[in-house]
Amino acid sequence: MEKQLNHSHFGHAIMPQATHDEQAMEDHFLAMRAWTNRNVDPLDRRLLDEVIVPEAEAATGGELTSSAQVRKPLEAHPLHQYWLTLSLHYQDRIWRSIDGSIDRQYDELAEKVEQHSKAPKGSLTLNPDLEIPRYIGALDHHRMPGSYTVDTAEDDFRAGALYDRFSSTYLRNMNGGWKNDGRGHTLASHVKDFYPDFQPKRILDLGCSIGQSTIAIAAAYPDAEIQAIDLGAPMLRYGHARAESMGVPIHFSQQNAECTNFEDGSFDMVTSSAMFHETSAKGMRAIMRECHRLLRPGGIMCHVEVPPRHEHLSLWDQMRCDFESHYNNEPFMTSLARTDWVEVAEKAGFERDKILVGYRKGVPELKVDRDDFFTEGHPEGRTMLGSWYACSATKD
């Protein structure tokens, strides 16, 4: 029997482990990703800038400002088709490899999930009758098989295990390593930076996934009660056991962030990490209103998101963002990049002068540094690799 590698030095108690061959397969396709980014991306950018754009501008007689103006001729070119094929292939193969690895150890993982769910410090409340919004239930997000809400067995946790292993593998050190908690540390750093005297006693994390960012937020505010909600039952089962294995008391519940069952003014802080790009425009606005309803006066909401902002992107970078929507099952990524967050928050009830938006450099641990925050006018303020887009506001 093939020996399973010992990953205890970077994994938690229920993290799916890999055999030598499984790890080699993952590493192969990660190397393919790196090769594509290093060698094919620059060629594709040159194709757009030096061939497609000049031809389109000559045909229209004007300067191009949107990737929509070049999408059709770009996608007709064999080089770009090659780039698309590689970009989809390596990601799908990583999903498939990890899914097979979880199949191999599913029963062992089930025992660990059950073990760490006993005598909990936190809690888990599921709602099998919860209606899943179409923007979540209709597709496999970022091509993850089954996405977040599909149960493959009784008391299933597969989606959580698959997401945990894939995201920590795919992002590696870009989001906190195996803990995959960089977004949470970035969010907490932002709050402590701009609201240094704020000491929340009750925090709600929306769209918590497997609670990786929630745990980082809990570490920043150890005296606070932490509630975390998500739509996916298998994500929550895994996330609850994951948090328990790490000794962090979090109260997980299966709810829709648009309309939770918490009372008005229930929380001092409401947060989310990379949730809105998987939420429809209508859903985003409803969630912002829910944030306002749930906060007590003087409470703070804070969201961190994927960083692309349409107004700061070159045509090729716009196309790269569009790729997520058109091919990577992230249909709202492009529209979110064009959304005015200040306007949305203001219409949700927050005062304009209490709303703060800008880029935040990603950090692997709590780091309160004003130099890590920059607005659209910052000299580095494009889509700097390793940054997140932050939006915070105080409720009057």
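Residues numbered from 1 in each chain as written. Predicted model: local features only at pLDDT ≥ 70, side-chain atom pairs only at ≥ 80, totals over all residues. Heavy atoms only, no water.

Our focus in this paragraph is empty space enclosed by the protein. Under the definition given, this model contains 3 cavities of 30 Å³ or more. Roughly 70 Å³ of internal volume is contained in the largest cavity. Considering the residues around the largest cavity, the lining is formed by Ser 67, Arg 71, Leu 74, Glu 75, His 80, Leu 84, Met 319, Asp 322, Phe 323, His 326 and Tyr 327. Only α2 (71–75), α3 (78–117) and α10 (315–326) provide two or more residues apiece to the lining of the largest cavity. (1 Å grid on protein atoms, 1.4 Å probe; cavity = no way out; pocket = protein on both sides within 12 Å on 5 of 7 lines; lining within 4 Å. Points joined across faces, edges and corners; volume = space filled by probe spheres on them. Helix = DSSP H or I, 4+ residues; strand = E, 2+ residues; numbered from the N terminus.)

Here we take up the environment of Asp 396. Of note, Asp 396 is situated in the segment after β9 (387–394). A relative accessible area of 52% places Asp 396 in the exposed class. As a C-alpha pair, Asp 396 and Lys 354 span 42 residues in sequence and 8.6 Å in three-dimensional space. Once residues lying within four places of it in the same chain are set aside, the contact partners of Asp 396 are Pro 297, Gly 298, Glu 351 and Lys 354. Among the polar contacts made by the side chain of Asp 396, one reaches the side chain of Lys 354 at a distance of 2.6 Å. (Buried < 20%, exposed > 50% of the residue type's maximum accessible area, 1.4 Å probe, protein only. Contact = heavy atoms within 4.5 Å. Polar contact = N/O pair within 3.5 Å; in protein donor to acceptor, adjacent residues only side chain to side chain.)

The next point concerns the environment of Ala 241. Note on placement: Ala 241 falls in helix α8 (residues 233–245). A C-alpha to C-alpha distance of 40 Å links Ala 241 and His 312, two positions 71 residues apart in sequence. Residues contacting Ala 241, with those up to four places away along its chain left out, are Ile 14, Val 113, His 116 and Ser 117.

Vacant regions in the atomic arrangement are exposed by a probe of water-molecule size rolled over the atoms. The computed volume of the second largest pocket comes to approximately 180 Å³. Along the walls of the second largest pocket sit Ala 110, Val 113, Glu 114, Ser 117, Leu 124, Glu 154, Asp 155, Phe 157, Arg 237 and His 240, which together make up its complete lining. Listing elements by their share of the lining of the second largest pocket, those giving two or more residues are α3 and α8. Counting residues per element, the lining of the second largest pocket draws most heavily on α3, at 4 residues. Among the residues making up the lining of the second largest pocket, the classes are represented as 4 nonpolar, 2 polar and 4 charged. (Nonpolar A, V, L, I, M, F, W, Y, C, P; charged D, E, K, R; others polar.)

Moving on, we get to the pairing of strand β7 (residues 355–361). Summarising burial for β7: 5 of the 7 residues are buried, a large majority. Pairing analysis gives 7 bridges linking β7 to β9, with the strands arranged antiparallel. The partner of Leu 356 across the bridge, within β9, is Ser 392. Of the strand pairs in this sheet, β7 and strand β8 (residues 373–374) are connected by 2 bridges, and their pairing is antiparallel. Directly across from Arg 360, in β8, lies its bridge partner Phe 373. (Pairing = 2+ DSSP bridges.)

To continue, consider the pattern of salt bridges. Enumeration according to the criterion identifies 24 salt bridges in this entry. Note that Arg 237 is salt-bridged to Asp 151, the shortest N-O span being 3.0 Å. Of the two residues, Arg 237 is situated in helix α8 and Asp 151 in the loop between α4 (134–137) and α5 (158–171); the sequence distance between them amounts to 86 residues. For Arg 237, a relative accessible area of 14% puts it in the buried group. For Asp 151, a relative accessible area of 39% puts it in the partly exposed group. With a closest N to O distance of 3.2 Å, Lys 347 and Glu 343 form a salt bridge. With a gap of 4 residues between them, Lys 347 and Glu 343 both fall in helix α12 (residues 341–347), about one helical turn apart. (Salt bridge = Lys/Arg side-chain N within 4 Å of Asp/Glu carboxyl O.)

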